[in-house]
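# A closer look at the structure
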Amino acid sequence: MEILLANIEFLIAGAVAVIGGMAYYFRSKTPKELPPPPPVKTEEKAPSVQEEKKPVAAAEPKTLKSALAKSRENFLGRLESFFSKAEIEDWEEMEEVLYTSDLGPKTVQDLLDYLEDDLPAEARKNPQAVKEHLINKLTSYLNAVSTEEGTCLKGLDSELDAKPVVWMIVGVNGSGKTTTLGKLASLLSQKGKKVMVAAGDTFRAAADSQLRVWAERAGVEIFSPENVSDPSAVAYQALEKAKSQGYDHLLVDTAGRLHTQKNLMEELRKMKRVIQKLVPDAPHETIIILDANNGQNALQQAKEFHQALDLSGVIFTKMDGSAKAGVAFGVSNELELPIKRIGIGEKLEDLRPFKSQDFVESIFL
Ligand SMILES: Nc1nc2c(ncn2[C@@H]2O[C@H](COP(=O)(O)OP(=O)(O)OP(=O)(O)O)[C@@H](O)[C@H]2O)c(=O)[nH]1
Ligand SMILES: [Mg+2]
């Protein structure tokens, strides 16, 4: 009996010990019961001489080559397997790579016709000869339209005998119209021009405030009447005001629209007609903003907007990070539209002049 009782006592004591141990274990693991971290006394954190904040070096301006790295990889990278061999063995495979690039089918066909006409069959096996001819031809498409005169923005890169110089900025949704317009307004303002921007995007609720931020940043006037929902009316009233108050430039922002939306494209035509009632030779610049990420679709957009509005040029945005910058060759060759600037980032200094040679070298060399 005594032995039995002693065993029971022993078992109870053991169980208590185990339960106690478990309770301690779980308590110690419960986060809310962990002691709070000791308060950090700021005076104790005074930095040593070595730790003192170093002045942050100004970020290096982006280079075109770094911005175009993905397009380079996508274009040249895919062709490199042909160009790096001793001989081009599979011409058709190379054709396929070109057709699946962002040049657009017409430009690829033009290129292939040129290579076949200009290079004897033997030379077409020579990777270096083919590469050289390909690059030269692509460069010639850019050079033909993006000349110094072609890329010139009126009243910014050259003087224009018009007051105000009227700009219409158009394109599909989100391509970068308002941002680019803001950058252009800043550049004009920095040149000492008296600039007004008109909030012709009456469709998107936040459009007005976005344009206002850019106008403030650029130090220019914004025209954004309340309760006017017709974008043509905004453009007309803005132009009346800009004319009567001696503005040098009026930049009209517009709502994004798909090139396939007939009624919205008609709305832009109407805006242009209305502007011309006050200034017959305006708009002096009608620029489509194309997102370089859209590749061949951007080519289609430019085609339709050009048909509707007779564009004066193109600004490609988001060339940084796009793998489809090759579309610039297609736009130049098919539409013969000059590329007036390229956007390689969101900052003002990221709107760069377009230089054919630099562009080609950044992609191919
Ligand atoms: N990385 C990069 N971003 C850009 C560039 N240009 C514009 N963006 C960005 O693209 C986005 C859209 O720009 P918006 O200017 O609002 O485009 P939008 O065409 O006016 O748009 P909607 O008025 O809605 O049709 C914004 O976040 C811009 O900062 C560029 O060159 N590079
Ligand atoms: Mg906008």
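A short tour of the structure in this document, coming up.

Basis of the calculations
Residues numbered from 1 in each chain as written. Chains lettered and ligands numbered in written order. Predicted model: local features only at pLDDT ≥ 70, side-chain atom pairs only at ≥ 80, totals over all residues. Heavy atoms only, no water. Helix = DSSP H or I, 4+ residues; strand = E, 2+ residues; numbered from the N terminus. Buried < 20%, exposed > 50% of the residue type's maximum accessible area, 1.4 Å probe, protein only. Polar contact = N/O pair within 3.5 Å; in protein donor to acceptor, adjacent residues only side chain to side chain. Contact = heavy atoms within 4.5 Å. Near = heavy atom within 4 Å. Areas by Shrake-Rupley, 256 points an atom, 1.4 Å probe, with all protein chains shown as cover. 1 Å grid on protein atoms, 1.4 Å probe; cavity = no way out; pocket = protein on both sides within 12 Å on 5 of 7 lines; lining within 4 Å. Sits in = over half its atoms within 2 Å of the grid points. Core = buried A, V, L, I, M, F, W, Y, C linked by side-chain atoms within 4.5 Å. Points joined across faces, edges and corners; volume = space filled by probe spheres on them. Nonpolar A, V, L, I, M, F, W, Y, C, P; charged D, E, K, R; others polar.

This paragraph deals with the side chain of Thr254. Among the secondary structure elements, Thr254 is positioned in the loop between strand S4 (249-253) and helix H10 (262-278). Thr254 sits in the buried class, given a relative accessible area of 1%. One polar contact links the side chain of Thr254 to the main-chain carbonyl oxygen of Ile169, over a distance of 2.6 Å. Every residue in contact with Thr254, bar those within four places of it in the chain, is listed here: Ile169, Val170, Lys177, Gly200, Asp201, Leu268 and Met271.

Bringing the site of ligand 1 into the picture now. Lining the immediate environment of ligand 1, one finds 18 residues, of which Lys177, Thr179, Gln210, Asp320 and Glu346 sit closest. Gln210 has a polar side-chain atom sitting 2.8 Å from an oxygen atom of ligand 1. Between an oxygen atom of ligand 1 and a main-chain N or O atom of Lys318, the distance comes to 2.9 Å. Relative to its unbound accessible surface of 660 Å², ligand 1 loses 80% to contact with the protein. When atom positions are compared with the pocket grids, ligand 1 is found to occupy the largest pocket. At three residues, helix H7 (residues 177-190) tops the list of elements feeding residues into the shell around ligand 1.

Phe316, Met319, Phe329 and Phe359 are the most contacted members of the largest nonpolar core, which has 76 residues in total. Not counting the four nearest positions on each side in its chain, Phe316 is found in contact with Leu290, Ala292, Val327, Ala328, Val331, Ile339, Arg341, Ile342 and Gly343. Core analysis: the second largest hydrophobic core is formed by 23 residues, Val165, Ala199, Leu251 and Leu351 among them.

Attention now moves to the side chain of Lys193. Assignment of secondary structure puts Lys193 in the loop between H7 and strand S2 (195-198). A distance of 3.3 Å separates the side chain of Lys193 from the side chain of Glu159, its partner in a polar contact. Every residue in contact with Lys193, bar those within four places of it in the chain, is listed here: Gly155, Glu159, Leu188, Asp248 and His249.

Taken as a whole, the largest pocket holds about 390 Å³ of empty space. Taken together, 23 residues make up the lining of the largest pocket; nearest its centre are Gly174, Ser175, Gly176, Lys177 and Thr179. Looking at which element gives the most residues to the lining of the largest pocket, the answer is H7, with five residues. Partitioned by chemical class, the residues of the lining of the largest pocket number three nonpolar, 13 polar and seven charged. When its volume is computed, the second largest pocket comes out at roughly 190 Å³. Lining the second largest pocket are 13 residues, and of these Glu148, Thr151, Cys152, Phe354 and Lys355 lie nearest its centre.

The quantities given are spatial measurements derived from coordinates; they are silent on function.
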